[in-house]
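# Overview (structure and organization)
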Amino acid sequence: MMDIEVIAKALKELGHPTRLAIFKRLVKSGKQGLAVGVVQEELKIPGSTLSHHISGLASAGLIKQRREGRVLYCVVEYEKLLSVLAFLQEECCVDEQ
């Protein structure tokens, strides 16, 4: 089980509408990730604002970044996403018995 503070940080970052939109778009891109420029273009987010939101998602461990030449990619940390979801579901309905 993950530390509740770690889960709370992840949920806090996802609790912002812009960060949630960015994360949802990155989830859609799969394991190869998506170039920051594409995210910026598709979601119409100014560059400085986007980098602020991306750093929040990265600090919560929800995404990682990789550079290929001059292009910066963001990739979802799917294990972290699954652990957050598992945390929310782990005791589902146990009191019903």
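Residues numbered from 1 in each chain as written. Predicted model: local features only at pLDDT ≥ 70, side-chain atom pairs only at ≥ 80, totals over all residues. Heavy atoms only, no water.

### Examining the packing of helix α1 (residues 4-14) against helix α5 (residues 78-89)
Put simply, the test is: Every axis corresponds to a line fitted to the C-alpha atoms, with the helix fit spanning only the stretch in contact, and the corresponding angles, defined between N-to-C directions, vary from 0 to 180 degrees. Labels follow the DSSP assignment, with helices taken as runs of H or I lasting at least four residues and strands as runs of E lasting at least two, numbered in each case from the N terminus. Working definition: roughly parallel below 35 degrees, roughly antiparallel above 145 degrees, roughly perpendicular at 65 to 115 degrees, and oblique for all remaining angles. Here, two residues are considered to be in contact whenever any of their heavy atoms come within 4.5 Å of each other. All amino acids are sorted into three groups, where Ala, Val, Leu, Ile, Met, Phe, Trp, Tyr, Cys and Pro are nonpolar, Asp, Glu, Lys and Arg are charged, and the leftover types, Gly among them, are polar.
Two elements in contact, α1 and α5, have axes whose closest approach is 10 Å; the angle formed by their N-to-C orientations is 110 degrees. Taken together, the axes of α1 and α5 are roughly perpendicular relative to one another. Between α1, through I4, V6, I7, A10 and L11, and α5, the contact on the second element is made entirely by K80, S83, V84, F87 and L88. Here the residues of the contact of α1 with α5 sort into eight nonpolar, one polar and one charged.

### Points about the pairing of strand β3 (residues 71-76)
This is how it is decided: The rule for pairing is simple: two strands pair if DSSP sees at least two bridges between them.
Here two bridges tie strand β1 (residues 34-35) to β3, and the two strands are oriented antiparallel to one another. Residue pairing in the sheet places A35 in a bridge with Y73 of β3. Note that strand β2 (residues 63-68) and β3 share six bridges and pair antiparallel. The partner of R67 across the bridge, within β3, is L72. A loop of two residues connects β2 with β3, the two strands running antiparallel in sequence, and G69 in this loop sits at a positive phi of about 65 degrees.

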